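Below are the chains, spelled out letter by letter.
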Amino acid sequence: IKKIAVFTSGGDSPGMNAAIRSVVRTCAFHNIECVGIYRGYEGMIEGDFKPLTARSVKDIINKGGTFLKSARSKAFMTKEGRKKAYDNLVAEQVDALVVIGGDGSFTGALVFNEEFGFPVMGIPGTIDNDIYGTSHTLGYDTALNTVVDCIDKIRDTASSHNRLFFVEVMGRDAGHIALNVGVGAGAEEILIPEEDLGLDRLLESLRRSKQSGKSSSIVVVAEGDKTGKNVFELKDYVEQNMSEYEVRVSVLGHMQRGGSPSCFDRVLASRMGVTAVESLLEGKSNYMVGLIKDEIALTPLEQAVKGKSEIDQELIRVSDIMTT
Ligand code: F6P
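Labelled according to an unreviewed UniProt entry, the protein chain appears under the name ATP-dependent 6-phosphofructokinase, originating from Mesoflavibacter profundi. Annotation of the protein chain in UniProt includes, under Subcellular location (unreviewed entry), the sentence "Cytoplasm".

J.: Would you mind showing me how to read unusual backbone geometry here?
T.: Apart from glycine, the bulk of residues carry a negative phi angle, and the bulk of peptide bonds sit in the trans form. Positive phi, close to 60°, is recorded for Asp-59, a residue that is not glycine. Inspection of the secondary structure assignment puts Asp-59 in the loop between strand S3 (49-51) and helix H3 (79-91). Judged by the 9 C-beta atoms lying within 10 Å of it, Asp-59 is exposed. In this structure, Asn-286 is a non-glycine residue whose phi angle is positive, near 65°. Topologically, Asn-286 is positioned in the loop between helix H9 (263-281) and strand S10 (287-292).

J.: Please clarify how the environment of Leu-144 should be interpreted in this entry.
T.: Its location among the elements puts Leu-144 in helix H5 (residues 140-160). Distance in space between the C-alpha atoms of Leu-144 and Glu-302 is 27 Å, their sequence separation being 158 residues. Ignoring sequence-local partners within four residues, the contact set of Leu-144 consists of Ile-177, Asn-180, Val-181 and Gly-184.

J.: How should I be thinking about the pairing of strand S2 (residues 33-37) in this particular structure?
T.: As a general feature of sheets, a regular strand has side chains that alternate between the two faces. With 4 bridges connecting them, strand S1 (residues 3-8) and S2 associate as parallel partners. If you follow Ile-4 over to S2, its bridge partner there is Cys-34. A crossover links S1 with its parallel partner S2, the connecting element being helix H1 (residues 16-29), and its sense is right-handed. Where S2 and S3 come together, 3 bridges link them in antiparallel fashion. Considered in S3, the bridge of Gly-36 is made with Lys-50.

What counts, and at which threshold
- Residue numbers here run from 1 along each chain, matching the order of that chain's written sequence.
- Residue-level local features of this predicted model are given only where pLDDT is at least 70; pairs of side-chain atoms are given and counted only at 80 or more, and the full residue set underlies all totals for whole chains, interfaces and linings.
- UniProt positions are given in the numbering used here, feature names are shortened, and annotations may be inferred rather than shown by experiment.
- Secondary structure elements are defined from DSSP: runs of H or I of at least 4 residues count as helices, runs of E of at least 2 residues count as strands, and each element is numbered from the N terminus.
- Here a residue counts as buried when 20 or more other C-beta atoms fall within 10 Å of its C-beta, as exposed when 12 or fewer do, and as partly exposed in between; the C-beta atoms come from the backbone.
- We call two residues in contact whenever the C-beta atoms placed from their backbones are within 7 Å.
- Strand pairing follows a simple DSSP-based rule, namely that at least 2 bridges must link the two strands.
- Note on handedness: a clockwise path from strand one over the helix to strand two, with the strands aimed away from the viewer, defines a right-handed crossover.

Shown next as structure tokens:
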């Protein structure tokens, strides 16, 4: 392997820049070339490449987002699109790919490898933490801190007005963000897709809170929650069934994806980038670099895509106890 291409794909996450930097510098360390591809698979299809040297990734470890930009590519889902991408990589003399993204991006890499035998290595970058084979995806820790900070602020105004707040957080179909910030910010209830609390239990719990002397409350709702009601409908539902609370809603949205990465994410990105490049140089392909029990470990990309990242059951228990 003489030249590696790196790109970011899917929803961006804090720490992606740090991972690109790590890939580029590890290539430089091993005296091989590195090229960046803009806008993920879209740029691969359009031939939007740029050579990257150790110095060209200075001053980015602390930046949110991804300087290579990101996209969710429809064209790469077609055979024709992938063939164009392959031709561009061959013309650019690229020998292997490092893809930083989530499961959709990894699925694309797997199909590409199957069709053209192109060596690929994945680095999990998403705030959702919904990838099998790693305890932490890049950006997850930063997002948790961002959200906890927001909820702390919401708590200030909630308690000043004796209000109940439903706070919707991201996570797609997973409740990792919601569960962790719920515990970290001391929420009264946490609604996650992995556990169906049920609307009756929600009311019961809110009544209990009120009776126990709480004047304000925060309920964290994962965007993928399965109660069948979104946060605005939940507000209406509670107001219709309980006169005790004045209810407000806050949907945190894309601010959760931005911001300077936490130290944890920067270190993780640096470690993952080194292993991704060195694994390719050792002749490995079709793996995702993850963190398992605090050690960097490889998981077959296919398993990373198909496996389920389980919710922390112990943390659910802790949260139940904390809301007593
Ligand atoms: O996967 C990251 C994520 O932020 C999810 O939490 C959310 O459901 C989705 O992306 C939003 O996607 P978009 O930025 O395309 O609206």
